[in-house]
Amino acid sequence: MIDSIHARLLYWAEVVNGAIDAGYASSSMEGLITGSSGHGGGSSVLLSVEADETGRAVAQLSEALVCIVREFYLNDSSTLEQKLKALAMSKRTLYRRLDESHGLLKGILRTLAA
């Protein structure tokens, strides 16, 4: 794992999980997770610049890696065993794919900052 990316993803998850109102989450969860604008109706939630950039970077990963990042970082109520079951993979595979995600995110974030 790249410690700086891991810390950034933890912060992103805290912002996303703390910013969601139960009535608003069902229509705007995808927008909050990916950093894109939410669906109509509700008020928009302003994320920090870092969290917004992180969400946009995560959205640029492959669908498989996005699922892994979401499950690992956003689903804070599940244990590691539950995450592995939800993703249908071994612990070794999970961490290998998280490492891959961190490397890709580091590059994407550099591009976004440029």
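What comes next concerns the included structure.

**Observations concerning the overall build of the protein chain**
- Per the secondary structure count, the protein chain includes six helices and zero strands.
- Traced from its N-terminal end to its C-terminal end, the protein chain shows the element sequence α-α-α-α-α-α.
- Taken over 114 residues, the protein chain has a buried fraction of 39%.
- Relative to all contacts within the protein chain whose residues are 6 or more apart in sequence, the contacts with residues 24 or more apart total 62%.
- Here the protein chain has roughly 6,500 Å² of accessible surface; of this, 53% comes from carbon and sulfur atoms.

**Observations concerning the environment of A13**
- Within the fold, A13 resides in helix α1 (residues 3-19).
- When neighbours within four sequence positions are excluded, A13 is seen to be in contact with Y73 and L74.

**Considering the environment of E81**
- Its location among the elements puts E81 in helix α5 (residues 80-87).
- Classification of E81 by relative accessible area gives exposed; the value is 58%.
- When the C-alpha positions of E81 and K91 are compared, they lie 8.4 Å apart, and in sequence the two are ten residues distant.

**Describing the nonpolar core**
- By size, the foremost hydrophobic cluster in this structure holds 25 residues, and its most contacted members are L9, W12, Y73 and L94.
- A total of seven residues in this core trace back to one element, the largest contributor, which is helix α4 (residues 63-74).

**Side note on the packing of helix α3 (residues 49-59) against helix α6 (residues 91-113)**
- Where α3 meets α6, the axes come as close as 9 Å, and the angle between the chain directions of the two elements is 125 degrees. Of the possible angle classes, the one that applies to α3 and α6 is oblique. With respect to the hand of their crossing, α3 and α6 are arranged in right-handed fashion. From α3, E53, T54, R56, A57 and V58 reach across to α6, where they touch L105, I108, L109 and L112.
- When the residues that make up the contact of α3 with α6 are grouped by side-chain class, the tally is six nonpolar, one polar and two charged.

What counts and what doesn't
- Residues numbered from 1 in each chain as written.
- Predicted model: local features only at pLDDT ≥ 70, side-chain atom pairs only at ≥ 80, totals over all residues.
- Heavy atoms only, no water.
- Helix = DSSP H or I, 4+ residues; strand = E, 2+ residues; numbered from the N terminus.
- Buried < 20%, exposed > 50% of the residue type's maximum accessible area, 1.4 Å probe, protein only.
- Contact = heavy atoms within 4.5 Å.
- Areas by Shrake-Rupley, 256 points an atom, 1.4 Å probe, with all protein chains shown as cover.
- Core = buried A, V, L, I, M, F, W, Y, C linked by side-chain atoms within 4.5 Å.
- Axes fitted to C-alpha atoms, helices over the stretch in contact; angles between N-to-C directions.
- Parallel < 35°, antiparallel > 145°, perpendicular 65-115°, else oblique.
- Left-handed = near helix turned anticlockwise from the far one by under 90°.
- Nonpolar A, V, L, I, M, F, W, Y, C, P; charged D, E, K, R; others polar.

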